[in-house]
Amino acid sequence: MENHYMKRNTELQISQTQKKCNKTEELLLEEIEKLRLKIEEENQIHMQIEIFLRREQQKLEEKLEFWMEKFDKDTETKQNELDVLESAKASDLAHLRDLARLVREYEQVITEDRIEKEKMKRKVEQATLELKSIIKLQAWWRGTMVRNEIGGFKMPKQDKEDKDSKGKQKGKWRGKK
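Small disclaimer: the values here were computed from a predicted structure and weren't measured.

A.B. asks: For this particular structure, what's the right way to read the overall build of the protein chain?
C.D. replies: For the protein chain, the helix and strand inventory stands at one helix and zero strands. Carbon and sulfur atoms make up 57% of the accessible area of the protein chain, which amounts to about 17,800 Å² in all.

A.B. asks: How should a nonpolar patch on the surface be read in this particular structure?
C.D. replies: Taken together, the side chains of Ile 45, Ile 49, Phe 52 and Leu 53 present a nonpolar region at the surface, about 360 Å² in accessible area. Topologically, Ile 45 is positioned in helix α1 (residues 2–148). A relative accessible area of 34% means that Ile 45 is categorised as partly exposed.

A.B. asks: Explain a negative patch on the surface here, please?
C.D. replies: On the surface, a cluster of negative charge is contributed by Glu 61, Glu 62, Glu 65, Glu 69, Asp 72 and Glu 76. The residue Asp 72 is located in helix α1 in this model. Judged by its relative accessible area of 47%, Asp 72 falls in the partly exposed class.

A.B. asks: Got a minute to help me understand the packing of aromatic side chains in this structure?
C.D. replies: Here a ring pair, both rings aromatic, is described through the centre-centre distance and the interplanar angle of the planes. Taken as a whole and assessed by the stated rule, the structure comprises two aromatic pairs. Ring centres of Trp 140 and Trp 141 lie 6.1 Å apart, and the angle between their planes is 45 degrees; on these two criteria the pair is classed as tilted. Accessibility expressed as a relative area gives 48% for Trp 140, which makes it partly exposed.

A.B. asks: Can you help me understand α1 in this one?
C.D. replies: The periodicity of an α-helix, 3.6 residues per turn, causes residues three or four places apart in sequence to face the same way. With 147 residues, α1 ought to run about 219 Å at 1.5 Å a step, and its terminal C-alpha atoms sit 205 Å apart, in line with that. Residues of α1 that are buried: Gly 143, Thr 144 and Met 145. Directly after α1, the chain includes Glu 149, whose backbone phi takes a positive value near 50 degrees.

A.B. asks: I tried to follow the pattern of salt bridges on my own but got confused; where do I start?
C.D. replies: Opposite charge on two side chains lets them pair, provided their charged atoms get close. The full count for this structure, using the stated rule, is nine salt bridges. Residue Lys 59 is joined to Glu 56 by a salt bridge in which the shortest nitrogen-to-oxygen separation is 3.6 Å. Pair noted here: Lys 59 and Glu 56 are both in helix α1, with a separation of three residues, about one helical turn. The residue Lys 70 makes a salt bridge to Asp 74 at a minimum N-O spacing of 3.3 Å.

A.B. asks: What exactly am I supposed to notice about unusual backbone geometry here?
C.D. replies: Across residues other than glycine, the phi torsion is negative in most instances, and most of the peptide bonds are trans. Of note in the backbone geometry, Glu 149 takes a positive phi value of approximately 50 degrees without being a glycine. Here Glu 149 shows up in the segment after α1.

Procedures and definitions
Residues numbered from 1 in each chain as written. Predicted model: local features only at pLDDT ≥ 70, side-chain atom pairs only at ≥ 80, totals over all residues. Heavy atoms only, no water. Helix = DSSP H or I, 4+ residues; strand = E, 2+ residues; numbered from the N terminus. Areas by Shrake-Rupley, 256 points an atom, 1.4 Å probe, with all protein chains shown as cover. Patch = residues over 30% accessible without salt bridge, like charges linked within 9 Å, V, L, I, M, F, W, Y side chains within 5 Å. Salt bridge = Lys/Arg side-chain N within 4 Å of Asp/Glu carboxyl O. Buried < 20%, exposed > 50% of the residue type's maximum accessible area, 1.4 Å probe, protein only. Lys, Arg positive; Asp, Glu negative; His and termini not counted. Charge placed at Lys NZ, Arg CZ, Asp CG, Glu CD. Phe/Tyr/Trp six-rings, centres within 6.5 Å; stacked < 30°, edge-to-face > 60°. Expected span 1.5 Å × (residues − 1).

As structure tokens, this is what we get:
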């Protein structure tokens, strides 16, 4: 009986251990299945995320390319505008220099003309002064010639009876009596 009891005990222990192992195996299999499903789900999510990220990367690359092209075009346009403005500035500066040179020439001509007018004015004033002086000199000389009876200038002779002792004329020129 003891033997039988031992045998039975051993069988029961084996049976319990097997049940435990089976139960653990079932739990482990269930867990493996859950993990496998979770891995599949994670793989699908990973694939979706990867596809999404690739699409986004492609969109961003297209946007980057667009903006780089736009930057290049805008830079080229602005550089062309800058070149046009620089050439316009250079031509304007050249025109300004020409105008400044022309203004200096005009100012020089005006200055020379003023100087020339001043000289002419002085000449006219000098000629006028000389003419007045000549006229005065001629008048003085004629007066001297007439008074001294030089040349063809002789005083007309007056009758002695027309003058009184003081050399004044008598007669009708005397005024009221």
